[in-house]
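# Descriptive analysis of the structure
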Amino acid sequence: MSVFVLDVDMRLLRDLPPGEPILAAATGLGAAASGFQESISSIRNKWSALDTLYTGPGRDKVLQAMERPSQQARDHQESVSLAADALNEFAAELVEINAARIALKQQIDDEESRLVPIATEMTSGNIPNWDGAHAMMAQRTATFQADVEALEDRYERARAACQSALDGISRVSTPVISQFDSPGMDLETEAAEDLAASFANATKPDANEEDIAAFYRALGEMGPAQVAAFAAAVPAASLFVKGMGAYQEASFWKSLSPSQRAGLAKSMPGLTGNLEGAPYKVRSEANRDVLEIVLSPAYEATEEQREAYRSISDALKGSGNPPKQLISFEPDHDHPLAAIAVGDLDGEVGIDTNVTYVVPGMNNYSTNMGSLVTNAETVRDRQVRADGTRNHVTVAYIGYETPGATSVTADGHAERGAQAFATSLDGLHLTYSTNGLPAPETNVIAHSYGTHMTTKALGETIYPITSAVYVGSAGVDSDVSSDQLNIDRGVDGRRDIFVSTAKGDGLAPVGILVTDVFALAGGDSGSESNYRTDPSEEDWGGRYFSSEGVKVGDEVYVATEKHDFDQYLAADSNSLRGIVYATIGQGQKLP
């Protein structure tokens, strides 16, 4: 199945009521009104014929009483005629809109058949042009989406005109109702029901990608008031965080109107806060709203979760220079997940942005978020000192469930984490392009088990990153080499991936050895274990640099003496010196 489609949302047009039944109903309505008026006139005429026969004292009152129903029947027929005319016009528009929809759908199908082979060819070969292919498809999608929106606007104008005409019909008497209320022609109630049903499917334990995508499609059809009403009726919706792929999420955000975006952020902050394509400032504000909700004593959470919430909240505090943005937050995991950017991740027109993710390994949870954020601040500070011309941003990333000691030899945490991390990396690229900025240079610093997860992620991304740095690696899949990772190449043609394990780090090689022992034995407690390779070995293809002590001029850089990520990122360490060079595009300075 091709990854390229013209993803034009025509669901609203498909769900429009058919015009033909409305035409038939309008015709029947007029006939019924005429019949009613004729019946009343016949009764009046019969009473009038009694004028010469009945001479009792109430004669005049009886005859006068029949004048009023007769006049009201005429007024009623006139009102019904106005309603029938309005319905006829509305139905005729529906028939034409539906015909235009069918013709447009055929045009979209034909164009997709023409473009898919072109896009496929653009992304094949030695230098795949994914950006160009997606841009081509996105441009044609936008053109067709504009045609769809024009038809939707035409429908809305027809519906509003019909509704206005019906609202303008006044009541002619208390017992004879000629005020026509027509909520059935407004699709908002039906759309709200569809949204609730889609949400139920998307939150099932066995929900699949299509279930989640269907919910996003339904959500995209709702206005701010409807989303607010839905979130109020279904409180769990405000913390919903399940997403799609990066490209689908960015396309979803791009398709929303400004009012829809604002309404989504207010009513569903959990979704908005983790939505690729949305500006990171918007995501951060939404995630801070979620953090405020879960910090409330009324929110049900374990003590470990509450400790994590407090840790994340404390890590966000500071002077605001550089700013800190909570760019992802999933509070309902046993170990809540979060990512905090240090610096302005949204970038700025005319200033190049350099982004570096800091990814930990085993036993690193958001209960200790402050420590990783401090490390990210240290990295950014050194990057700014070495290269002050660019906007540098570091991201303290605990966006995956890191393993404990009993599961570190298995692949499960890495495989699940890789999918989320690849989405985050691709999302960064797409967020910038969605908001009209050139993609930033993107780097990853990974430690221990984090190198294993990152290696898997860099085999799944659509867009290449600039560089990766592995320190204290606990090993990567033995059947993967550096050349297979989606990382830019240096001037010598090799991938810009830099690797270092300190001599004092005795745990990293033990982790590789133990993993291989479990792989040989056939698994770890029922979880599959694969053989791992030490990426610091020369034949793996990485660029090795030292984490031992060294003196450069008058500057002394200390050695890393154990496995701790904090030591590899210590401000006065030689390892951090190498990491900074690698992540600002000056890796050639490393011996």
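Throughout what follows, the structure given in this document is the object of discussion. Values in this document were obtained by computation on a predicted structure and should not be read as measured data.

### A closer look at the packing of aromatic side chains
When we look at a pair of aromatic rings, we describe it by the centre distance and by the angle of the planes. By the definition in use, this model includes 13 aromatic pairs. Between the aromatic rings of Tyr 216 and Phe 252, the centroid separation amounts to 5.0 Å while the plane-to-plane angle is 85 degrees, which identifies the pairing as edge-to-face. Of this pair, Tyr 216 sits in helix H7 (residues 209-220) while Phe 252 sits in helix H9 (residues 246-255), and the two are 36 residues apart along the sequence. Overall, the relative accessible area of 3% leaves Tyr 216 in the buried class. When the centroid spacing of 6.2 Å and the interplanar angle of 35 degrees are considered together, the rings of Tyr 470 and Trp 540 count as tilted. In this pair, Tyr 470 is assigned in strand S6 (residues 467-471) and Trp 540 in the loop between strand S9 (532-533) and strand S10 (543-544), connecting sequence segments 70 residues apart. With respect to class, Tyr 470 is no different from Trp 540; both count as buried. Three or more aromatic residues joined by ring pairs make a cluster, and in this case those are Phe 199, Phe 215, Tyr 216, Phe 230, Phe 240 and Phe 252.

### Some thoughts on the pairing of strand S2 (residues 337-342)
Of all 6 residues that make up S2, 6 are buried, and the element is covered over most of its length. Covered by surrounding structure in S2 are Leu 337, Ala 339 and Ala 341 together with Ala 338, Ile 340 and Val 342, the residues of both alternating faces. Sheet topology places strand S1 (residues 324-330) next to S2; 6 bridges connect them, and they run antiparallel. If you follow Phe 329 over to S2, its bridge partner there is Ala 338. Across 5 bridges, S2 lies against strand S4 (residues 391-398) in antiparallel orientation. Note that in S4 the partner of Val 342 across the bridge is Thr 394.

### A look at the pattern of salt bridges
A complete count under the given rule lists 24 salt bridges for this structure. Residues Glu 156 and Arg 159 are paired through a salt bridge, measuring 2.7 Å at the closest nitrogen-oxygen approach. Linking Glu 156 with Arg 159, this pair stays in helix H5 (residues 130-167), spanning 3 residues, or about one helical turn. Residue Arg 159 is classed as buried on the basis of its relative accessible area, which comes to 13%. Through salt bridges that share partners, Asp 411, Lys 456, Asp 477 and Arg 532 make up one connected network.

### Some words on the side chain of Asp 346
As for its position among the elements, Asp 346 is in the loop between S2 and strand S3 (353-359). Lys 281 provides the closest opposite charge to the buried, unpaired Asp 346, separated from it by 7.3 Å. At 2.6 Å, the side chain of Asp 346 and the backbone nitrogen of Tyr 280 are in polar contact. Looking at Asp 346, its side chain comes within polar contact range of the main-chain nitrogen of Lys 281, at 2.8 Å. Leaving out residues up to four positions away in the same chain, Asp 346 has contacts with Pro 279, Tyr 280, Lys 281, Gln 325, Tyr 432 and Leu 437.

### Looking at H9
Along H9, the positions that sit buried rather than exposed are Ala 246, Glu 249, Ala 250, Phe 252 and Trp 253. In a view along the axis of H9, the buried residues occupy a sector of 155 degrees, so they form one face of it. Those residues of H9 that are buried are in contact with H7, helix H10 (258-267), helix H11 (269-273), helix H12 (280-295) and helix H15 (412-434).

### What to know about a nonpolar patch on the surface
Among the surface-exposed residues, Leu 507, Val 510, Val 514 and Phe 518 lie close enough to one another that they form a single nonpolar patch of about 290 Å² accessible area. Secondary-structure assignment places Leu 507 in helix H17 (residues 507-521).

### Some remarks on the pairing of strand S8 (residues 497-500)
Both faces of the sheet carry side chains from a regular strand, because those side chains alternate between them. Here S8 shows a buried face lined by Ile 497 and Val 499 and a second buried face lined by Phe 498 and Ser 500. Direction of pairing for S6 relative to S8: parallel, over a ladder of 4 bridges. Its bridge partner lying in S8, Ala 468 is registered against Ile 497.

Conventions and cut-offs
- Residues numbered from 1 in each chain as written.
- Predicted model: local features only at pLDDT ≥ 70, side-chain atom pairs only at ≥ 80, totals over all residues.
- Heavy atoms only, no water.
- Phe/Tyr/Trp six-rings, centres within 6.5 Å; stacked < 30°, edge-to-face > 60°.
- Helix = DSSP H or I, 4+ residues; strand = E, 2+ residues; numbered from the N terminus.
- Buried < 20%, exposed > 50% of the residue type's maximum accessible area, 1.4 Å probe, protein only.
- Pairing = 2+ DSSP bridges.
- Salt bridge = Lys/Arg side-chain N within 4 Å of Asp/Glu carboxyl O.
- Lys, Arg positive; Asp, Glu negative; His and termini not counted.
- Polar contact = N/O pair within 3.5 Å; in protein donor to acceptor, adjacent residues only side chain to side chain.
- Contact = heavy atoms within 4.5 Å.
- Arc of directions from axis to C-beta.
- Patch = residues over 30% accessible without salt bridge, like charges linked within 9 Å, V, L, I, M, F, W, Y side chains within 5 Å.
- Areas by Shrake-Rupley, 256 points an atom, 1.4 Å probe, with all protein chains shown as cover.

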